[in-house]
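Structural overview for review
This is what each chain is made of:
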Amino acid sequence: MNKGLFMLDLMEIERELGHFLEQQEYGLVDLQVASTGRGRTFRVFVERAEGTPADLADCTHLSPMVSLFLQSLGVFTNECALEVSSPGADRVLRKPEDFARFKGSRVQLSLRLEGRQFTVRGHLQGMEDDRVMLRSTELPRAIEGTRGIARDGESLLVPRDLISTVRLVPDV
């Protein structure tokens, strides 16, 4: 299969799976697909519709339904594996509604800049104009003045396209 084509298909799979899970009164937090030796592993991260974490019983209940649904889309074969789980306390934030819902939470941004990875932690202030707003006192020197990254007082504004992941940092 053409890898570029599969990436386009992945967005469609995610959209369709999200609708399917909504009908089951769950929300799709994230979908990851990893190629293995002979097939693919689908990692489906879910939460209950009201936003509370899914538990083991929820994941066990959903697993066969998700498997059949992915089969109906023609993307899940006998060579594929499926993992259905809760996103955990360090969940990934991807959708605009995630950024609104977790405003004020402590987060970690992983940035890709010129082939290097950087990490910035702070408190999420939201998302505006496709830029993540973060209250952070720490900023690696190597990224100061980088294209598109700006400071506005204590706020750091980071374009979404420079961010590889945004994760919640759980209180310990």
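Everything in this summary refers to the structure shown in the same document.

Conventions and cut-offs
- Residues numbered from 1 in each chain as written.
- Predicted model: local features only at pLDDT ≥ 70, side-chain atom pairs only at ≥ 80, totals over all residues.
- Heavy atoms only, no water.
- Helix = DSSP H or I, 4+ residues; strand = E, 2+ residues; numbered from the N terminus.
- Expected span 1.5 Å × (residues − 1).
- Bend = angle between axes of the 7 residues up to and from the residue.
- Buried < 20%, exposed > 50% of the residue type's maximum accessible area, 1.4 Å probe, protein only.
- Polar contact = N/O pair within 3.5 Å; in protein donor to acceptor, adjacent residues only side chain to side chain.
- Contact = heavy atoms within 4.5 Å.
- Phe/Tyr/Trp six-rings, centres within 6.5 Å; stacked < 30°, edge-to-face > 60°.
- Core = buried A, V, L, I, M, F, W, Y, C linked by side-chain atoms within 4.5 Å.
- Pairing = 2+ DSSP bridges.
- Axes fitted to C-alpha atoms, helices over the stretch in contact; angles between N-to-C directions.

With 17 residues, helix 2 (residues 56–72) should cover 24 Å at 1.5 Å per step; its first-to-last C-alpha distance of 25 Å lies within 8% of that length. Along helix 2, the largest kink reaches about 35° and is centred on serine 63; proline proline 64 follows within four residues of it. Among all positions in helix 2, only Asp58, Cys59, Leu62, Val66, Ser67, Phe69 and Leu70 are buried. The backbone nitrogen of alanine 57 has a side-chain oxygen 3.1 Å away, supplied by the residue at the start of helix 2, namely aspartate 55. Positive phi shows up at glycine 74, right after helix 2, with a value of about 80°.

This paragraph deals with the side chain of glutamate 47. Here glutamate 47 shows up in strand 2 (residues 40–48). Separated by 2.7 Å, the side chains of glutamate 47 and arginine 91 make a polar contact. Ignoring anything within four residues of it in the chain, the contact list for glutamate 47 reads Tyr26, Gly27, Val29, Thr52, Ala54, Arg91 and Arg101.

Applying the stated criterion across every chain, the model contains two aromatic pairs. Ring centres of phenylalanine 20 and phenylalanine 69 lie 4.5 Å apart, and the angle between their planes is 15°; on these two criteria the pair is classed as stacked. One end of the pair, phenylalanine 20, is in helix 1 (residues 3–23); the other, phenylalanine 69, is in helix 2, with 49 residues separating them in the sequence. Take phenylalanine 20 and phenylalanine 69: they sit in the same class, and that class is buried.

Attention shifts here to the nonpolar core. Ranked by size, the top nonpolar core spans 21 residues in total, and within it Leu17, Leu21, Val44 and Val66 carry the most contacts. Breaking this core down by element, the ones donating at least two residues are helix 1, strand 1 (26–35), strand 2 and helix 2. Contact partners of valine 66, with chain neighbours within four places excluded, come to Leu17, Phe20, Leu21, Val44, Leu82 and Val84. In this structure, Val120, Val132, Val158 and Ile163 belong to the second largest nonpolar core, which totals 19 residues.

In spatial order, the strands read 7-8-6-5-4-9; together these six strands make up an open sheet with antiparallel pairing. Strand pairing shows two members of the sheet lacking a second neighbour, strand 7 (150–152) and strand 9 (163–168), which therefore form its edges. For this sheet, the mean inter-axis angle between neighbouring strands, taken without regard to orientation, is 40°. Sheet topology note: the strand 5 (residues 116–128)/strand 6 (residues 131–135) ladder contains five bridges and is antiparallel. In the strand pairing of strand 6, histidine 123 is matched with arginine 135.

With mixed pairing, three strands are arranged side by side in an open sheet as 1-2-3. Every other strand in the sheet has two partners, leaving strand 1 and strand 3 (81–85) as the edge strands with one partner each. Along the sheet, successive strands turn relative to each other by an average axial angle of 15°, direction set aside. Of the strand pairs in this sheet, strand 2 and strand 3 are connected by five bridges, and their pairing is parallel. Considered in strand 3, the bridge of phenylalanine 45 is made with serine 85. Lying over the sheet, helix 2 contacts strand 1, strand 2 and strand 3, oriented at roughly 140° with respect to strand 3.

Further remarks concern the pairing of strand 8 (residues 155–159). Judged by how many residues are buried, strand 8 sits mostly within the fold: five of five residues are covered. Neither face of strand 8 is left uncovered, since the one carrying Ser155, Leu157 and Pro159 and the one carrying Leu156 and Val158 both have all their residues buried. Of the strand pairs in this sheet, strand 6 and strand 8 are connected by five bridges, and their pairing is antiparallel. In the sheet register, leucine 134 faces strand 8, and the bridge partner there is leucine 156. The loop that links strand 7 with its antiparallel partner strand 8 comprises two residues; one of these, glycine 153, has a positive phi angle of about 70°.

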